[in-house]
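The residues making up each chain are set out below.
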Amino acid sequence: MKTLAIDTSNQTMGVALADNGVVLGEIVTHLKKNHSVRLMPAVDTVLKETGVMPAQLERIAVAEGPGSYTGVRIGVTVAKTFAWALGIPLVGVSSLEVLAQNGQRFGGYVSPLFDARRGQVYTGLYANENGRFGNVKLDRITLLSDWLDLLESEREPVLFVGHDLAKHAEEIADRLGSLAVFARSGEQAPRPGELAILGEQRAAEESAHRFVPEYRQLAEAESKWLAAQEQKKHG
């Protein structure tokens, strides 16, 4: 099953092509640049380098969020367009789950983490259970302090993964002490090859048109607009 994977949900931009669990090609960048400008050239390069024509694709996998509001929209829009134009299935995978795959061999919990500003983080908890690595506490947006309360009560080692760790590492270490383990620099970015493999394993959406991203919260501008409308109603 030739699966094209697209991830522009956060700082990392990733494109990969996999076929039945084997990653054939992958492009990953960690630059704070406009994903909308670089995404299609990256897709074109991966397809050309692997010798696969667009018409040969059988599935599209996309990182559905949470993450950057604009970044998520870019990746999902391109993925939906490919799926619709080629008449192939579209599969959405949590951006946090993709990132968590970097810790699937860790002997404890794994907490992928994206900064969500104002003391909040996007995160979830993953672990190996019954021979399967997956989500054991649902992805969420939460205050980091509340998340650390929960992890402290678990009294198990936790591997933290993500580019935004530097913003929160001191608070995490102060709270969890030796239970907190931080991924090395090379393990902090999501891999689109993992996204492609996860996408091959999931049931596809019935309709690409009905697929919606998982933002976990409204964009700041949208939140302010809704608050203003609510104030007008009661003003």
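That block above? That's the structure.
An account of the accompanying structure is given in this report. Keep in mind it's a predicted model, so treat the numbers as computed, not measured.

## Concerning the sheet that holds strand β10 (residues 180–182)
Working step 1: Strand order across the open sheet formed by five strands is β8-β7-β6-β9-β10, with mixed pairing between neighbours. The open sheet terminates on both sides in strands that have one partner only, identified here as β8 (132–143) and β10. The average undirected angle you get between the axes of adjacent strands in this sheet is 25°.
Working step 2: Along the sheet face, helix α4 (residues 144–154) touches β6 (109–117), β7 (120–129), β8 and β9 (158–161) and points at about 140° away from the line of β8.
Working step 3: Docked against the sheet, helix α5 (residues 165–176) engages β6, β7, β9 and β10, running at close to 155° with respect to β10.

## A short note on the nonpolar core
Working step 1: Of all hydrophobic cores here, the largest spans 25 residues; its most connected members are L4, V15, L39, V43, L57, I60 and L90.
Working step 2: Among the elements of the structure, β1 (2–7), β2 (13–19), α1 (35–50), β4 (59–63) and α2 (69–86) are those that each provide at least two residues to this core.
Working step 3: It is α2 that contributes the most residues to this core, seven residues altogether.

## Focus on the environment of Y126
Working step 1: Mapped onto the elements, Y126 comes out in strand β7.
Working step 2: Sequence separation between Y126 and L176 is 50 residues, and the spatial gap between their C-alpha atoms is 17 Å.
Working step 3: A polar atom in the side chain of Y126 sits 2.9 Å from the side chain of D139.

## Considering the layout of surface pockets
Working step 1: Of the volumes computed, that of the second largest pocket is approximately 150 Å³.
Working step 2: Around the second largest pocket sit E97, Q101, Q104, R132, F133, E194, I197, L198, Q201 and R202, which together line it.
Working step 3: Looking at the lining of the second largest pocket, the elements that each hand over two or more residues are β8 and α6 (192–201).
Working step 4: A class-by-class count of the residues in the lining of the second largest pocket yields three nonpolar, three polar and four charged.

## Comments concerning the sheet that holds β4
Working step 1: What the five strands build is an open sheet, ordered β3-β2-β1-β4-β5; its pairing is mixed. One side of each edge strand has no neighbouring strand; the edge strands of this open sheet are β3 (22–29) and β5 (90–93). The average angle at which neighbouring strand axes cross in this sheet is 15°, direction not considered.
Working step 2: Where β2 and β3 come together, seven bridges link them in antiparallel fashion. Paired with V15 across the strands is I27, a residue of β3.
Working step 3: Helix-sheet contacts for α1 involve β1, β2 and β3, and the interaxial angle to β2 is about 25°.

Basis of the calculations
Residues numbered from 1 in each chain as written. Predicted model: local features only at pLDDT ≥ 70, side-chain atom pairs only at ≥ 80, totals over all residues. Heavy atoms only, no water. Pairing = 2+ DSSP bridges. Helix = DSSP H or I, 4+ residues; strand = E, 2+ residues; numbered from the N terminus. Axes fitted to C-alpha atoms, helices over the stretch in contact; angles between N-to-C directions. Contact = heavy atoms within 4.5 Å. Core = buried A, V, L, I, M, F, W, Y, C linked by side-chain atoms within 4.5 Å. Buried < 20%, exposed > 50% of the residue type's maximum accessible area, 1.4 Å probe, protein only. Polar contact = N/O pair within 3.5 Å; in protein donor to acceptor, adjacent residues only side chain to side chain. 1 Å grid on protein atoms, 1.4 Å probe; cavity = no way out; pocket = protein on both sides within 12 Å on 5 of 7 lines; lining within 4 Å. Points joined across faces, edges and corners; volume = space filled by probe spheres on them. Nonpolar A, V, L, I, M, F, W, Y, C, P; charged D, E, K, R; others polar.

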